[in-house]
Amino acid sequence: MIQKTLYIVRHGQTDLNKQGIVQGRGMNTDLNEEGRAQAALFYEAYKQVPFDKIYISELKRTQQSIQQFIDQGIPYEKLAGLDELAWGRLEGQPSTPENKSAFLDLMRNWLDGNLDAKIEGGESPNEVKLRQEEALKVILSHPEEKNVLVCMHGRAMRLLMCLLTERPLTEMDNFPHQNLVLYKVTFDGQKFDIVDFNNALHLKQA
C-alpha cells in the first residue's frame, strides 16, 4: 500500500506579492529579500525531515524557495501541473479599480459554482484541476518516496487542497495561505488527511 506524507508549501514572497499584483502562471518572478528570509526559516525548521523527493512547479520562485533542500542532494522534479493558475490579462498588471472588479467578479463566479469561468487568456479552476490530477498521478506513482516536499503557488494550492480532500473547488477559499506557509498531508493509500493546516510557526522564529 502506498503511504506518503506530503509537505506542501507556497513559495516565498516576491516583489509583486508585496505590491498586491497578480502573478499567475505567466509571471516568472524571483523571490525578494523577505522571500529569501522566509525560505531560510523554513529550511531551518524542516531540514531534519528525511525528504525522499521534491516536486516544484516550472516557475523559478518555487525552486528558489526550497533551493537549500536541493543543495543537500535531495532529488527534485518540475511538474507543470503544479504551476499557478493563469490569470491571463491580469498578470503583472497594476491593481486598478477595473482590474480589482474583474478579479472580484471572477471570485464570485467561482464561489457560485461557475468553475469554467476565467479571465481572457487565463485558466479556469476546472482546467487547473485537470493538470493537478496529472501531477498527482506522477507523485503517487513512486511508492518508495515516503516524505515528499511540494512547493507551489497560492491559488493552485487552494485548488489542490480541495482535490486532495475530495471537496468541491467552490470551497477553495477555506484553505488560507501566505508566503511559505505549510500544509502537511498524509496519504494512507486510500485517502488524504490534513495533519497540519496553514502552519506558519516556522516564520515566527525571527
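Each remark here, short or long, concerns the structure printed above.
Keep in mind that this is a model prediction, so the values were computed, not measured.

Enquirer: How should I be thinking about the pairing of strand β4 (residues 147-152) in this particular structure?
Expert: Along β4, six of the six residues are buried, which leaves the element largely enclosed by surrounding structure. Residues Asn147, Leu149 and Cys151 line one face of β4 and the alternating positions Val148, Val150 and Met152 line the opposite face, and both faces are buried. Bridge analysis of strand β1 (residues 4-10) against β4 gives six bridges, and the strand direction is parallel. When the bridges of β4 are listed, Leu6 appears paired with Val148. In the sheet, strand β2 (residues 53-56) pairs with β4 via four bridges, with the strands oriented parallel. Among the inter-strand pairings, Tyr55 is bridged to a residue of β4, identified as Val150.

Enquirer: Got a minute to help me understand the sheet that holds strand β6 (residues 192-199) in this structure?
Expert: Backbone hydrogen bonds hold the strands of a sheet together, and the pairing may be parallel or antiparallel. If you walk across this open sheet you meet the six strands as β3-β2-β4-β1-β5-β6, and the pairing is mixed. In this open sheet, the two strands that pair with only one neighbour each are β3 (76-78) and β6. Looking at each pair of strands side by side, their axes are set apart by 20 degrees on average, direction ignored. Across five bridges, strand β5 (residues 182-187) lies against β6 in antiparallel orientation. Bridge assignment links Leu182 to a residue of β6, and that residue is Asn199.

Enquirer: What is the right way to look at the side chain of Thr165 in this model?
Expert: Turning to its location among the elements, Thr165 is positioned in the loop between α7 (154-164) and β5. A polar contact of 2.6 Å, which involves the side chain of Thr165, links it to the backbone oxygen of Met161. Setting aside chain neighbours within four positions, we find Thr165 in contact with Phe175 and Ile194.

Enquirer: What is the right way to read the packing of aromatic side chains from this model?
Expert: Here the distance between the centres and the angle between the planes together describe a pair of aromatic rings. Applying the stated criterion across every chain, the model contains twelve aromatic pairs. With a centroid separation of 5.1 Å and an interplanar angle of 90 degrees, the aromatic rings of Tyr7 and Phe51 are classed as edge-to-face. Residue Tyr7 is located in strand β1, and its partner Phe51 is located in the loop between α2 (33-46) and β2; the two are separated by 44 residues in the primary sequence. Side by side, Tyr7 and Phe51 carry an identical accessibility label, which is buried. Ring plane angle 80 degrees and centroid distance 5.6 Å describe the contact between Phe51 and Phe69, whose orientation is recorded as edge-to-face. With Phe51 in the loop between α2 and β2 and Phe69 in helix α4 (residues 67-71), this pair connects stretches of sequence that are 18 residues apart.

Enquirer: Got a minute to help me understand the nonpolar core in this structure?
Expert: Ranked by internal contacts, the top residues of the largest apolar core, which has 38 residues, are Ile8, Trp110, Val150, Met152, Met161, Leu164 and Phe192. Breaking this core down by element, the ones donating at least two residues are β1, α5 (97-111), α6 (125-140), β4, α7 and β5. Sort the elements by how many residues they give to this core and α7 lands first, with eight residues. The contacts of Phe192, once residues within four sequence positions are left out, are Leu6, Leu136, Leu140, Leu164, Val185, Thr186 and Phe187. Among the nonpolar cores identified, the runner-up in size contains 23 residues, and Ala39, Leu41, Phe51 and Phe69 belong to it.

Enquirer: For this particular structure, what's the right way to read the environment of Ile66?
Expert: For Ile66, the location among the structural elements is in the loop between α3 (60-65) and α4. Through-space distance from the C-alpha of Ile66 to that of Val9 is 9.4 Å; in sequence the pair is 57 residues apart. Beyond its immediate stretch of four places on either side in the chain, Ile66 contacts Ile54, Ile56, Leu149 and Cys151.

Enquirer: Hey, could you run me through α5 in this one?
Expert: Along an α-helix, a turn takes 3.6 residues, which lines up residues three or four apart on a common side. The end-to-end C-alpha separation of α5 is 21 Å, in line with the 21 Å expected for 15 residues at 1.5 Å each. Among the residues of α5, those classed as buried are Asn99, Ala102, Leu106, Met107 and Trp110. The buried residues of α5 occupy one face: seen down the axis, they fall within an arc of 135 degrees. Exposed side chains of α5 directed beyond 90 degrees from the buried face belong to Pro97 and Glu98. A positive backbone phi angle near 100 degrees is found at Gly113, which sits one or two residues after α5.

Definitions and cut-offs
- Residues numbered from 1 in each chain as written.
- Predicted model: local features only at pLDDT ≥ 70, side-chain atom pairs only at ≥ 80, totals over all residues.
- Heavy atoms only, no water.
- Buried < 20%, exposed > 50% of the residue type's maximum accessible area, 1.4 Å probe, protein only.
- Helix = DSSP H or I, 4+ residues; strand = E, 2+ residues; numbered from the N terminus.
- Pairing = 2+ DSSP bridges.
- Axes fitted to C-alpha atoms, helices over the stretch in contact; angles between N-to-C directions.
- Polar contact = N/O pair within 3.5 Å; in protein donor to acceptor, adjacent residues only side chain to side chain.
- Contact = heavy atoms within 4.5 Å.
- Phe/Tyr/Trp six-rings, centres within 6.5 Å; stacked < 30°, edge-to-face > 60°.
- Core = buried A, V, L, I, M, F, W, Y, C linked by side-chain atoms within 4.5 Å.
- Expected span 1.5 Å × (residues − 1).
- Arc of directions from axis to C-beta.

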